[in-house]
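Per-entry structural report
Listed below, chain by chain, are the residues.
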Amino acid sequence: MFRCGFLLECSNCCFVTVLAGLAFMFSSSILLQILACALYSNWWPMLSALMYVVVPMPCMFFGGGSTQFLISRDGGGWIDAAKFLTGASTVGSLAIPIILRHAGMIETGAMLIEFTSFFIFICTVMCFHRASLDDYDW
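Residues numbered from 1 in each chain as written. Predicted model: local features only at pLDDT ≥ 70, side-chain atom pairs only at ≥ 80, totals over all residues. Heavy atoms only, no water.

Quick note on the threshold: UniProt positions are given in the numbering used here, feature names are shortened, and annotations may be inferred rather than shown by experiment.
Where an unreviewed UniProt entry is consulted, the protein appears under the name Vacuolar protein sorting-associated protein 55 homolog, with the organism given as Brassica carinata. Its UniProt record, at the heading Sequence similarities (unreviewed entry), says of the protein: "Belongs to the OB-RGRP/VPS55 family." Per UniProt, the protein carries the Subcellular location (unreviewed entry) text "Membrane".

In structure tokens:
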């Protein structure tokens, strides 16, 4: 009985650790977004932060809040639409800083900070996906 309680306690500890790590990664991504704007006194890079809101929407609307449909081969009209919208918004997150830099609206440093923020955000999403799998053993 004692051992089972220890495993349950360790399981909750691992869950809290993963959750804290995800929160830290996400907040550092947002911090880099704000720094890309504040360091160069230009708030145009914040347009890509809007895409951070759009990226999870297909999962919420068409996938039932789960990310498992993204790796499944099952199809259907709504599932395929969700995969397309997720991919399009992800590409948009990369394209916005490139377009703004090409137009001369932001500096190269702000674009690189945006890319670093995007990389951390994508790593956060991938870690969340791994942590939310049903067969993941805590």
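Brief notes about the packing of aromatic side chains
Selection criterion: Any two of the Phe, Tyr and Trp rings considered here, Trp counted by its six-membered ring, make a pair once their centres fall within 6.5 Å; the pair's planes then place it as stacked at under 30 degrees, edge-to-face at over 60, or tilted in between. The secondary structure listing takes helices from DSSP runs of H or I that are at least 4 residues long and strands from runs of E that are at least 2 residues long, numbered from the N terminus. Relative accessible area decides the class of each residue, using a 1.4 Å probe on protein chains only: under 20% of the type maximum gives buried, over 50% gives exposed, and in between gives partly exposed.
Enumeration according to the criterion identifies two aromatic pairs in this entry. Consider the rings of F26 and F121, whose centres lie 6.1 Å apart with planes at 50°: the pair is tilted. Remark: F121 occurs in helix α5 (residues 108–131) and F26 occurs in helix α1 (residues 2–38); sequence separation between them is 95 residues. Classification of F26 by relative accessible area gives partly exposed; the value is 38%. Judged by centre distance (4.3 Å) and plane angle (10°), the rings of Y52 and F121 are stacked. Here Y52 is found in helix α2 (residues 47–54), whereas its partner F121 is found in helix α5, with 69 residues between them in sequence. According to the relative accessible area criterion, F121 is buried, its value standing at 6%.

Some words on the UniProt feature "transmembrane region" (unreviewed entry) in the protein
The UniProt feature table records "transmembrane region" (unreviewed entry) at residues 12–43, 49–72, 84–103 and 109–128. End C-alpha atoms of residues 84–103 are separated by 27 Å, and the span's content is 95% helix alongside 0% strand.

Thoughts on the environment of I113
This is how it is decided: Contacts are assigned to residue pairs with any non-hydrogen atoms lying within 4.5 Å of each other.
The residue I113 is located in helix α5 in this model. According to the relative accessible area criterion, I113 is buried, its value standing at 18%. Taking C-alpha positions, I113 is 5.7 Å from A36, a pair spaced 77 residues apart along the chain. In contact with I113, other than residues within four places in its own chain, are L32, A36, L39 and Y40.

Brief notes about unusual backbone geometry
You will see that S41, though not glycine, has its phi angle at about 50°, which is positive. Locating S41 in the fold gives a position in the loop between α1 and α2. By relative accessible area, which is 66% here, S41 ends up exposed.

Examining a nonpolar patch on the surface
Worth spelling out the cut-off: Candidate patch residues must exceed 30% relative accessible area and have no salt bridge, after which like charges are joined if within 9 Å and Val, Leu, Ile, Met, Phe, Trp or Tyr side chains if within 5 Å. For the area figures, the Shrake-Rupley method with a 1.4 Å probe applies, and any residue is considered shielded solely by the protein chains shown. What counts as a salt bridge is simple: a side-chain nitrogen of Lys or Arg found within 4 Å of a carboxyl oxygen of Asp or Glu.
On the surface, L31, L35, L39 and Y40 cluster together to form a nonpolar patch covering roughly 370 Å² of accessible area. Among the structural elements, L31 can be located in helix α1.

Side note on the side chain of S93
Structurally, S93 is set in helix α4 (residues 77–102). Beyond its immediate sequence surroundings of up to four residues, S93 is in contact with S48, M51, Y52, V55 and F118.

Notes on α5
In an α-helix there are 3.6 residues to a turn, and that puts residues three or four apart on one side. Applied cut-off: Helix span is expected to be 1.5 Å times the residue number reduced by one.
With 24 residues, α5 extends 35 Å from end C-alpha to end C-alpha; this agrees with the ideal 34 Å at 1.5 Å per step. Restricting attention to buried positions, one finds in α5 the residues G109, A110, M111, I113, E114, S117, F118, F121, T124, H129 and A131.

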